[in-house]
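Chain and residue survey
What follows is the residue order along each chain.
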Amino acid sequence: AALNSTSTAQGKWSITSQNKMGLDADQFALMAIFGLSCILGLVTLRLYVRNNSNALLKIAMLSWYVWLCFMSIFNVAISYTYDSTQTTWTTVYNTTGQIMALTGIVDVAQFAYCRKRLLRLHEANSLFFKVYCVGVTILAVGFGVQATLDH
């Protein structure tokens, strides 16, 4: 690994090491942290599905989290090499983040609905999964239109 020293905006010097891919130490550390998050997220998802197979929206939320961790690894590597992809990655991240938030909102609404009516989750899964799918479609179309208008 070669050491490069560069001057920052404040006039201070920072030393970063770079590997053969050209990533600096911070980017390499981010990729390692996201990789560990992916592994732990997958283990958590597997255990949760095994023990709570009726909680579809919570499973969806954990799945989106794992997907974002995988995407983060590729984002760090690709955006370093291709700066022009940063806007696209930002749009994809924002879309996925909003879908995760929607998942949490619909999950809480399902919990409140079931609690008020003394139902179990599996008795309301189909209704709330349909609501969730409509919401995801609306979000995806909205971000698609926004991405089209930005280019």
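The structure contained in this document is the topic of the report that follows. No experiment lies behind these values; they were computed from the predicted model shown.

Right, let's get into the packing of helix α1 (residues 25-51) against helix α2 (residues 56-81). Here α1 crosses α2 at 160°, and the two axes come no closer than 9 Å. In this view, α1 runs roughly antiparallel relative to α2, as classed from their interaxial angle. With respect to the hand of their crossing, α1 and α2 are arranged in left-handed fashion. The residue makeup of the contact of α1 with α2, split by class, is 18 nonpolar, seven polar and one charged.

Moving on to the packing of aromatic side chains. Per the counting criterion, the structure on display carries three aromatic pairs. Consider the rings of Trp 89 and Tyr 93, whose centres lie 6.3 Å apart with planes at 40°: the pair is tilted. Placement of the pair is Trp 89 and Tyr 93 together in helix α3 (residues 86-117), with a separation of four residues, close to one helical turn. On the basis of relative accessible area, Trp 89 is assigned to the buried category, the value being 15%.

Calculation rules
- Residues numbered from 1 in each chain as written.
- Predicted model: local features only at pLDDT ≥ 70, side-chain atom pairs only at ≥ 80, totals over all residues.
- Heavy atoms only, no water.
- Axes fitted to C-alpha atoms, helices over the stretch in contact; angles between N-to-C directions.
- Helix = DSSP H or I, 4+ residues; strand = E, 2+ residues; numbered from the N terminus.
- Parallel < 35°, antiparallel > 145°, perpendicular 65-115°, else oblique.
- Left-handed = near helix turned anticlockwise from the far one by under 90°.
- Nonpolar A, V, L, I, M, F, W, Y, C, P; charged D, E, K, R; others polar.
- Phe/Tyr/Trp six-rings, centres within 6.5 Å; stacked < 30°, edge-to-face > 60°.
- Buried < 20%, exposed > 50% of the residue type's maximum accessible area, 1.4 Å probe, protein only.

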